[in-house]
Amino acid sequence: MLTSSLVIVAIVVITALAFDFTNGFHDSANAMATSVATGALRPRVAVALAAVLNVVGAFMSTEVAKTISSGMVDDSLVTPAMVFAGLTGAIIWNLLTWLLGMPSSSSHALFGGLIGAVLVSAGIAGVHFDVVVSKILLPALAAPLVAGVAAAVATRLAYRIVPDPEGRSASVFRHGQTISASMVALAHGTSDGQKTMGIITLVLVAGGYQLSGTSPQFWVVLLAGLAIGAGTYSGGWRIMRTLGKGLVDIKAPQGFAAESATTAAILASSHLGFGLSTTHVASGSIMGSGVGRNAKEVRWSVAGRMALTWLVTLPCAAAVGAAAAAITLLGSAGIVITLVLLIGTVAAVLVAARRNKVTADNVHDTHEVAVIAPASGSGPVGGSGTAVPTHA
Amino acid sequence: MHIDFAALGLVAGVTLLACVALVTLVSLGARLLDAGANGSIAPARRAGGYAVLGLAGLLILFGLYLVIPAFHS
């Protein structure tokens, strides 16, 4: 019994770290897409900076989370197997949206996966739907509005004050953008790095390997920090392309206004008691900076697809989490089957992504992320060799 | 169901104010530091430019203070 429980705890820890990695590469673009798009930072420098700041942030904040789901499900019903099923749903959703180049909230995916797992294993009473509405649905609508309005107003002001930024003024905007983007990366590390530490710690406590109420162990902090940092460094170039180029062709003042709005919204929401998802805030800011300059420049079809992605994130991750939970109900064999299916799905997505690679070198050659290689003429594919991002 | 609309309004207001303040300061600094047609800037103008950028820097430092938990927990 003890050994099987140790195996399950070990599997959950490794899956949690894998989720942390996907969290990093999914959210890399939130901080750095605009800086890469405007040429404020070279692509690889940008993700290296974001990765280091994410790790630093993860080490700064090790206050252990008291609940896995922030009250969305009844935590007393949650078993390590359910956490595993929930993480499976979150990882698969994060990878599929990455394949499509769509930003989507890693927290929503995680909560969705957990909700699905709890629904199957513990029934409808285990899920607090009122909390889901007030902490997920409403903030998902509010975040892009709050950040988007701020970014739009700020962009308009910036162009009013400096109508035609070039030379010195453009460089001031680019430096400002780098600084505020760094703040976003640091804040991301303090919040999201700590989420994985919380999950691992709670599972260790549940398995009897750690005393309840103690801080995360050092190896947990270290591994969680490194996993999110490595994920961030890997760049998530597909999402980077959508946010930096697909939504709006961003120029330096817009990039700075967008990053300022993102920073302000994240700090305000984390200190004034109304949690907003970094992803929704960052995407809203970028859209707002497009509206502030010229609403016609925003690719509304991309914005619409993004909004749709956000709407279905929770239910889709929940469906995968539920399926995984149903399989894990078979016991140890079910866990192994789920693990094999998870690894198979990850491999399939990675293979599909290879057909039309997006890398640091071609991230801004075009504005579309095609899953199937685009027909000739609609954009270069892979290794075009030009890494020079468009300048403002 | 409890939805804290007051907190949401506060977050929206503070976000707008902070973002507009920062972007206005940096834009003013950028404009002041932009060289004239002959490529030179008057010393007073340059000093003014760095002064407003300094104010923007203070805002950033306050943000950093908020981000780092060790400063306020």
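Keep in mind that what you see is a predicted model, and the values were worked out from it rather than measured. (Residues numbered from 1 in each chain as written. Chains lettered and ligands numbered in written order. Predicted model: local features only at pLDDT ≥ 70, side-chain atom pairs only at ≥ 80, totals over all residues.)

Participant: Would you mind showing me how to read the overall build of chain A here?
Facilitator: Helices and strands together make up the secondary structure of chain A, namely twelve helices and zero strands. N-terminal to C-terminal, the α/β element order of chain A is α-α-α-α-α-α-α-α-α-α-α-α. Expected size for 392 residues packed as a compact globule is a radius of gyration near 21 Å; at 21 Å, chain A falls within 12% of this value. Each principal axis of the C-alpha distribution contributes one length, and for chain A these read about 70 × 50 × 35 Å. Across the 392 residues that make up chain A, the buried fraction comes to 59%. Summarising the internal contacts of chain A: among those between residues at least 6 apart in sequence, 86% fall at separations of at least 24. (Helix = DSSP H or I, 4+ residues; strand = E, 2+ residues; numbered from the N terminus. Rg over C-alpha atoms; globule rule 2.2 N^0.38 Å. Buried ≥ 20, exposed ≤ 12 C-beta atoms within 10 Å, placed from the backbone. Contact = placed C-beta atoms within 7 Å.)

Participant: How should I be thinking about the nonpolar core in this particular structure?
Facilitator: Buried together is how nonpolar side chains tend to be arranged in soluble globular proteins. Counting 146 residues, the largest nonpolar core has Met32(A), Val146(A), Ala150(A), Ala261(A), Ala265(A) and Cys19(B) as the members making the most contacts within it. Once residues within four sequence positions are removed from consideration, Cys19(B) is found in contact with Ala150(A), Ala151(A), Ala154(A), Ser260(A), Ala261(A) and Ala264(A). (Core = buried A, V, L, I, M, F, W, Y, C linked by C-beta atoms within 7 Å.)

Participant: Please explain the UniProt feature "transmembrane region" (unreviewed entry) in chain B as it appears in this structure.
Facilitator: Residue and element names in this part refer to chain B. In this structure's numbering, the residues bearing the UniProt feature "transmembrane region" (unreviewed entry) are residues 6-28 and 49-68. From the first C-alpha to the last, residues 6-28 spans 33 Å; its make-up is 100% helix and 0% strand. Between the first and last C-alpha atoms of residues 49-68 the distance is 29 Å; the span itself is 95% helix and 0% strand. (UniProt positions renumbered as here; feature names shortened; annotations may be inferred.)

Participant: Looking at this model, I keep getting lost on the interface of chain B and chain A. Mind explaining?
Facilitator: Reports of interface size often rely on the accessible area that becomes lost once the parts have come together. Every contact between the two is made by 35 residues of chain B and, on the other side, 45 residues of chain A. Listing elements by their share of the side of chain B that touches chain A, those giving two or more residues are α1 (5-33) and α2 (43-67) of chain B. For the side of chain B that touches chain A, the leading source of residues is α1(B), giving 21 residues.

Participant: Hey, could you run me through the packing of helix α5 (residues 129-161) of chain A against helix α9 (residues 252-271) of chain A in this one?
Facilitator: Axis angle and axis distance: for two packed helices, these are the angle between their axes and the distance between the axes, and together they describe the pair. Residue and element names in this part refer to chain A. Running from amino to carboxyl end, α5 crosses α9 at an angle of 145°, the nearest separation of the two axes being 8 Å. Relative to α9, α5 is oriented so that their crossing is right-handed. Along the contact surface, α5 presents Val146, Ala147, Ala150, Ala151, Ala154, Thr155, Ala158 and Tyr159, while α9 presents Pro253, Gln254, Ala257, Ala258, Ser260, Ala261, Thr262, Ala264 and Ala265. (Axes fitted to C-alpha atoms, helices over the stretch in contact; angles between N-to-C directions. Left-handed = near helix turned anticlockwise from the far one by under 90°.)

Participant: Even after reading the chapter, I still don't get helix α8 (residues 237-246) of chain A, so can you show me in this structure?
Facilitator: Taken across its ten residues, α8(A) has ten buried, putting it largely inside the fold. Trp237(A), Arg238(A), Ile239(A), Met240(A), Arg241(A), Thr242(A), Leu243(A), Gly244(A), Lys245(A) and Gly246(A) are the residues of α8(A) that are buried.

Participant: Please explain the confidence of the model for chain B as it appears in this structure.
Facilitator: One rule of thumb: low pLDDT means the predicted coordinates there are not for detailed reading. Overall, the prediction assigns chain B a mean pLDDT of 87, with 93% of residues at 70 or greater. For this predicted complex, the interface score ipTM comes out at 0.91, while the overall pTM is 0.88. (pLDDT = per-residue confidence, 0-100.)

Participant: Got a minute to help me understand the UniProt feature "transmembrane region" (unreviewed entry) in chain A in this structure?
Facilitator: The UniProt record annotates "transmembrane region" (unreviewed entry) at residues 45-65, 77-96, 108-129, 136-159, 218-237, 307-327 and 333-353 of chain A. Here residues 108-129 of chain A runs as 73% helix and 0% strand, with 14 Å between its end C-alpha atoms.

Participant: When you look at helix α6 (residues 168-206) of chain A in this model, what are you seeing that I'm missing?
Facilitator: What sets the pattern is the α-helix's 3.6 residues per turn: residues three or four places apart point alike. Residues and elements named next belong to chain A. Between its terminal C-alpha atoms α6 stretches 57 Å, which fits the 57 Å expected from 39 residues at 1.5 Å a residue. Counting buried positions along α6 gives 33 out of 39 residues, so the element sits mostly inside the fold. Downstream of α6 by one or two residues, Gly208 has phi in the positive range, about 80°. (Expected span 1.5 Å × (residues − 1).)

Participant: How should I be thinking about the packing of α5(A) against α1(B) in this particular structure?
Facilitator: At a closest axis distance of 9 Å, the pairing of α5(A) and α1(B) adopts a crossing angle of 20°. By the angle between their axes, α5(A) is roughly parallel relative to α1(B). Note on packing geometry: the crossing formed by α5(A) with α1(B) is right-handed. In this structure, α5(A) contributes Ala142(A), Val146(A), Ala147(A), Val149(A), Ala150(A), Ala151(A), Val153(A), Ala154(A), Leu157(A), Ala158(A) and Ile161(A) to the contact, and α1(B) contributes Leu8(B), Val11(B), Ala12(B), Thr15(B), Leu16(B), Cys19(B), Val20(B), Val23(B), Thr24(B), Ser27(B), Leu28(B) and Arg31(B). Of the residues contributing to the contact of α5(A) with α1(B), the split by class is 19 nonpolar, three polar and one charged. (Parallel < 35°, antiparallel > 145°, perpendicular 65-115°, else oblique. Nonpolar A, V, L, I, M, F, W, Y, C, P; charged D, E, K, R; others polar.)

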